[in-house]
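# Close look at the chain arrangement
Residue-level listing of the chains:
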Amino acid sequence: MSLPAGVQRRSFGDEDGVLATRGEPAYGEPVVDGWRRWDAHRSKLGATFELGLDTGLSGGDAVLYLGAANGTTVSHVADFAGPTYAVEFAPRPVTDLLAVADSRERLFPLLKDARAPETYAHVVESGVDAIVQDVATRGQADVALSNRQFLADDGRLVAALKARSEDVTADPAAVFEDLLGRLRDGYEVRATARMEPFHEDHLAVVATPR
Ligand SMILES: C[S@@+](CC[C@H](N)C(=O)[O-])C[C@H]1O[C@@H](n2cnc3c(N)ncnc32)[C@H](O)[C@@H]1O
């Protein structure tokens, strides 16, 4: 599995082969020779790389990122991607996200609800190369389906699905089956992987529009 150009495995002290991107530090992470440590335990996308899924992401891709929170992961994405539209609906983390975007001219924070793509359709370019989704909210498949309109025909969805956001009591495997079934209304599911040991009860999904 190849990493996108702009993502490398670097050494940080005694640790070799750690994911890193090049850019301004964003959240107090270690930086060596300009390379920022990207901790897979703090990032679903980082974990997706560590798990060896072929995300299809490339350096310079246009990315729509859903569930940006305070910018931990999307800061790394904007380091290697092209225009990166970061949607987050909670005002407090967006304050931090704006600071992260200050040093990243390709990162565009949007204080918007990912369930209402019509509210940002005038800002986000059509035909993005990838949607990266980590919303951890009920209705994760619906969020992916309603944002599919932004994807290029040969683009892909790279999502982290959290079982407990859908149902705290159900068996995660059953929740994932249900979510994948719904995703298939608009996507071809290419690869999946449970995200342990990085993230409990999460499923990484790579899918293409159909
Ligand atoms: C697990 S956190 C994301 C962490 C982030 N992706 C990272 O790795 O740095 C999930 C985020 O999704 C946001 N979220 C949940 N539902 C959303 C929605 N409908 N629209 C936009 N953001 C949403 C939450 O406010 C929260 O900040």
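Note: the structure precedes this text.
Since this is a predicted model, take the numbers as computed values, not measurements. (Residues numbered from 1 in each chain as written. Predicted model: local features only at pLDDT ≥ 70, side-chain atom pairs only at ≥ 80, totals over all residues. Heavy atoms only, no water.)

### Side note on the pattern of salt bridges
Under the definition given, this model contains twelve salt bridges. The salt bridge involving Arg9 is made with Glu50; its shortest N-O contact spans 3.1 Å. Linking Arg9 in strand S1 (residues 7–12) with Glu50 in helix H1 (residues 44–50), this pair joins segments that are 41 residues apart in sequence. Taking the relative accessible area as the measure of exposure, Arg9 reaches 39% and is therefore partly exposed. On the basis of relative accessibility, which here comes to 31%, the residue Glu50 falls in the partly exposed class. As a salt-bridge pair, Lys44 and Asp134 come within 3.1 Å of each other at their nearest N and O atoms. Of the two residues, Lys44 sits in helix H1 while Asp134 sits in the loop between strand S8 (128–133) and helix H4 (140–147), which places them 90 residues apart along the sequence. The exposure class of Lys44 is buried, given its relative accessible area of 16%. Overlapping salt bridges bring together Glu29, Arg36, Asp79 and Arg104 as one network. (Salt bridge = Lys/Arg side-chain N within 4 Å of Asp/Glu carboxyl O. Helix = DSSP H or I, 4+ residues; strand = E, 2+ residues; numbered from the N terminus. Buried < 20%, exposed > 50% of the residue type's maximum accessible area, 1.4 Å probe, protein only.)

### Considering helix H3 (residues 91–102)
Between its first and last C-alpha, H3 extends 17 Å over twelve residues, near the 16 Å set by a 1.5 Å rise per residue. Among all positions of H3, only Pro93, Val94, Leu97, Val100 and Ala101 are buried. Down the axis of H3, the buried set is contained in an arc of 110°. They therefore lie on one face. In H3, the exposed positions that point more than 90 degrees away from the buried face belong to Pro91, Arg92, Thr95 and Asp102. Residues of H3 that are buried in the fold lie against helix H2 (72–80), strand S6 (84–88) and strand S7 (107–111). (Expected span 1.5 Å × (residues − 1). Arc of directions from axis to C-beta. Contact = heavy atoms within 4.5 Å.)

### As for the nonpolar core
The tendency in soluble globular proteins is for nonpolar side chains to be buried as a group. By size, the foremost hydrophobic cluster in this structure holds 31 residues, and its most contacted members are Leu64 and Leu66. Element by element, the count of residues in this core is highest for helix H6 (residues 172–183), at five residues. Apart from residues no more than four positions distant in its own chain, Leu66 is found in contact with Val87, Ala114, Tyr120, Ile131, Val132, Gln133, Asp134, Val135, Val143 and Asn147. (Core = buried A, V, L, I, M, F, W, Y, C linked by side-chain atoms within 4.5 Å.)

### A few points about unusual backbone geometry
The linkage connecting Glu196 with the following residue, Pro197, adopts the cis geometry, with an omega of 5°. Mapping Pro197 onto the fold places it in the loop between strand S10 (187–194) and strand S11 (202–209). Here Asp201, not a glycine, exhibits a phi torsion of approximately 55°, which is positive. Within the secondary structure layout, Asp201 lies in the loop between S10 and S11.

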